[in-house]
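# Chain and residue survey
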Amino acid sequence: MAREVLLTKNYPKSFTYSSFYSLIGGKKSLITSEGEAWHQLRQIFNPGFHYQYLKSLVPVFTSNTDRLLRILERKSVSQEVVPMHLLLTKLTLGIICEVVLGEPFEVLKEEGPEHSLYSSYMELMNIVVWYLNSPGIEWTRDYLPWNAYRMWRLEKKYTASMIWIIKKRLAESKGTPEVSKSKMLKALIPKPAGGSMEEEGGPACITAYQQPSGEGVVQKTQMSSPHSSDACILSLALKTAKEKGVQMDLDTVLAQVKSFLFAGHDTTASTVAWAVYELSCNKVIEDKMVEEIRQVCGGAVPTADDLSKLTYVGCVVKETLRMWPPAGTTRIAPKGSTLKGYDIGGHPLYIPHYCLHRDPQLWGEDADIFRPERWLDEIKIGQVDAYAYQPFSKGPRDCIGQTFAVLEAKTLLAMMYSKFSFQYAGSVPERQTFQITSHPLNGAPMRVIKRTQ
Ligand code: HEM
């Protein structure tokens, strides 16, 4: 049935996605667009997700993860419990911002106010989720003027945290660096503290390439992030669009950036948090994984080639995604459509990844057991129906970022486990909760134990 919905018929995305349009930039998003518009976007952004290009992002993954390791190091000394999912959410948001926009963002930090991009994203996310969990009054979000105004303000604030970089990249792609340079010089002049949103480079200040005052992005000189801005995913896409003769307006570009930020961090954070949880419950598996990391990386920061050799770490990631798939898809069949004799026309069709991934008829009696080894048995795995495992969905609308996500998750696990072990500090076993995507209900609280080399 999943094959028919996702491949044979490839039904369009459901109207239910409109509940989080504010997070993904509306209908123009790659996640929700359809037909020729979707196809064109996918072609424009595809080069940024090819393995050859993704390999060049590994130093961005590792330099950001180093920031997490420094926090974990201190927590291992103070013996404080760390909210693992939260730390990973900030880390992966910082990573996706940097690789998409080409500037290092200091989202993960121990002290000081939250980064404006993170805080505005979370404010928006919380209100979207609140409405999603309040059936019956969701309509008030768009139709009661004060509620609609509040949403508009929050969306505007979120947009303000990134629009200045997008404009900078657009100007570069149009070959107007001289204009950009003078505006960038202006942006480097310190601004008075405590400026209003509008003064901070928001939509009201749409012509300037200013970053929000105080924090914002880390200047390249301050951080040894090795990726250049003209090689970021957005610049690459703008170059591809130019070669294809496609004009992308600011709204379309903004929607794609928001979509990558939305789809490209929480999902990976959840996967790694669940992996850490499962490993804390399965020491034999952890030891086996750590041994592989030791043999391949020998205590050094992993390179792209090392990551390709970390087979067992890859199995841990696959098994985590089987047990705890973070995202799904909802489609809508046109009126009059039937599926196995049922009238499905006009009804949202949710593909239940969790149920598919844990079905004993598809996976055997150990379907509920975390067993990465199952992925090493190529013959048995080859016999499992291709649609029984779909953490990244299937068909033409599958996840564009799946190779990215696996590479990133492997990097994080390799670096975290070469230095530390983690002990689950929750009083009850973890359970899954949903906030558009799913993640550990208790936030995977962990005690950090430093490894003796
Ligand atoms: C473990 C991590 C990830 C998981 C489990 C995941 C899962 C998924 C799923 C299930 C879909 C289908 C959604 C739908 O039909 O509505 C999807 C689509 C998508 N994902 Fe991911 N994703 C992950 C990471 C990423 C990353 C890192 C990026 C970007 C850097 C990304 C970008 C996207 C985009 C843009 C789409 C829409 C693709 C299209 O419709 O053409 N995802 N993802």
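On a predicted model such as this, the values are computed, not experimentally measured, just so you know. (Residues numbered from 1 in each chain as written. Predicted model: local features only at pLDDT ≥ 70, side-chain atom pairs only at ≥ 80, totals over all residues.)

### Observations regarding the overall build of the protein chain
- Looking only at helices and strands, the protein chain has 21 helices and nine strands in total.
- Across the 453 residues that make up the protein chain, the buried fraction comes to 42%.
- Across the protein chain, contacts joining residues at least 24 apart in sequence account for 75% of those joining residues at least 6 apart. (Helix = DSSP H or I, 4+ residues; strand = E, 2+ residues; numbered from the N terminus. Buried ≥ 20, exposed ≤ 12 C-beta atoms within 10 Å, placed from the backbone. Contact = placed C-beta atoms within 7 Å.)

### With respect to the confidence of the model for the protein chain
- Looking at the protein chain, the pLDDT average stands at 88 and 88% of residues meet or exceed 70.
- Considering only residues more than four positions removed or in separate chains, one finds that residues 219-224, a stretch of pLDDT under 50, has four contacts.
- Taken over the whole predicted complex, pTM reads 0.90, whereas the ipTM for its chain interfaces reads 0.99. (pLDDT = per-residue confidence, 0-100.)

### Regarding the site of the ligand
- The full set close to the ligand counts 25 residues, and Gly264, Thr267, Thr329, Cys399 and Gly401 are the nearest of them.
- Per-class residue counts for the shell around the ligand are 13 nonpolar, nine polar and three charged. (Near = placed C-beta within 6 Å. Nonpolar A, V, L, I, M, F, W, Y, C, P; charged D, E, K, R; others polar.)

### Concerning the packing of helix 6 (residues 84-101) against helix 14 (residues 266-281)
- In contact at an axis separation of 8 Å, helix 6 and helix 14 are set at 145° when each is read in the N-to-C sense. Here helix 6 and helix 14 pass one another in a crossing that is right-handed. In this structure, helix 6 uses Met84, His85, Leu88, Thr89 and Thr92 to contact helix 14, whose residues at the interface are Asp266, Thr268, Ala269, Ser270, Val272, Ala273 and Val276.
- For the contact of helix 6 with helix 14, the residue count by class is six nonpolar, five polar and one charged. (Axes fitted to C-alpha atoms, helices over the stretch in contact; angles between N-to-C directions. Left-handed = near helix turned anticlockwise from the far one by under 90°.)

### Notes on helix 17 (residues 311-323)
- Between its first and last C-alpha atoms helix 17 spans 18 Å; for 13 residues at 1.5 Å apiece the expected length is 18 Å, and the two agree.
- Listing the buried residues of helix 17 in full gives Tyr312, Val313, Gly314, Cys315, Val316, Val317, Glu319, Thr320, Leu321, Arg322 and Met323. (Expected span 1.5 Å × (residues − 1).)

### Some remarks on the environment of Asn46
- Mapped onto the elements of the fold, Asn46 is located in the loop between helix 3 (35-45) and helix 4 (51-55).
- For Asn46, a count of 14 C-beta atoms within 10 Å gives the class partly exposed.
- Sequence-wise, Asn46 and Ile233 are 187 residues apart; in three dimensions their C-alpha atoms are separated by 9.4 Å.

### Considerations on the UniProt feature "binding site: heme" (unreviewed entry) in the protein chain
- If you check UniProt for "binding site: heme" (unreviewed entry), the listed places come out as Cys399 in our numbering.
- Judged by the 20 C-beta atoms lying within 10 Å of it, Cys399 falls in the buried class. (UniProt positions renumbered as here; feature names shortened; annotations may be inferred.)

### Some thoughts on unusual backbone geometry
- Located in the positive-phi region is Ser393, a residue other than glycine, with phi close to 60°.
- Of note, Ser393 is situated in the loop between helix 20 (378-383) and helix 21 (402-419).
- Note on Ser393: 18 C-beta atoms within 10 Å, which makes it partly exposed.
- The backbone of Ile436 shows a phi angle near 70°, a positive value even though the residue is not glycine.
- Looking at where Ile436 falls in the secondary structure, it is placed in the loop between strand 7 (432-435) and strand 8 (437-440).

### Details of the sheet that holds strand 1 (residues 81-83)
- In spatial order, the strands read 1-9-6; together these three strands make up an open sheet with antiparallel pairing. Each edge of the sheet is formed by a strand with only one pairing partner; in this case those strands are strand 1 and strand 6 (420-424). Strand-to-strand twist across the sheet, computed as the mean angle between neighbouring axes with direction ignored, equals 45°.
- The strands touched by helix 5 (residues 58-78) within the sheet are strand 1, strand 6 and strand 9 (445-450), with strand 9 carrying the most contacts at an inclination of about 85°. (Pairing = 2+ DSSP bridges.)

### What about the pairing of strand 8?
- Both strand 7 and strand 8 contribute to a ladder of four bridges, which runs antiparallel. Residue pairing in the sheet places Gln435 in a bridge with Thr437 of strand 8.
- The loop that links strand 7 with its antiparallel partner strand 8 comprises one residue; one of these, Ile436, has a positive phi angle of about 70°.

### Re the nonpolar core
- Core analysis: the biggest nonpolar cluster contains 100 residues, and Val100, Val257, Val276 and Leu413 have the highest contact counts within it.
- If sequence neighbours within four positions are ignored, Leu413 has contacts with Val272, Ala275, Val313 and Val316.
- Counting residues in hydrophobic clusters, the runner-up holds seven residues, among them Ala2, Leu6, Tyr11 and Ile344. (Core = buried A, V, L, I, M, F, W, Y, C linked by C-beta atoms within 7 Å.)

### Comments concerning helix 12 (residues 233-244)
- A rise of 1.5 Å per residue sets the reference length of helix 12, with its twelve residues, at 16 Å; its end C-alpha atoms lie 16 Å apart and thus fit the reference within 8%.
- Regarding helix 12, the residues found buried are Ile233, Leu234, Ser235, Leu236, Ala237, Leu238 and Ala241.
- Buried-residue contacts for helix 12 involve helix 3, helix 6, helix 10 (163-173) and helix 13 (250-263).
- Downstream of helix 12 by one or two residues, Gly245 has phi in the positive range, about 75°.

### Quick word on the environment of Gln40
- Here Gln40 is to be found in helix 3.
- The class for Gln40 is partly exposed, based on 17 C-beta atoms found within 10 Å.
- Linking Gln40 and Leu30, residues ten residues apart in sequence, is a C-alpha distance of 9.4 Å.

### Comments concerning the environment of Tyr389
- Mapped onto the fold, Tyr389 is located in the loop between helix 20 and helix 21.
- For the pair Tyr389 and His357, spaced 32 residues apart in sequence, the C-alpha separation works out to 5.9 Å.

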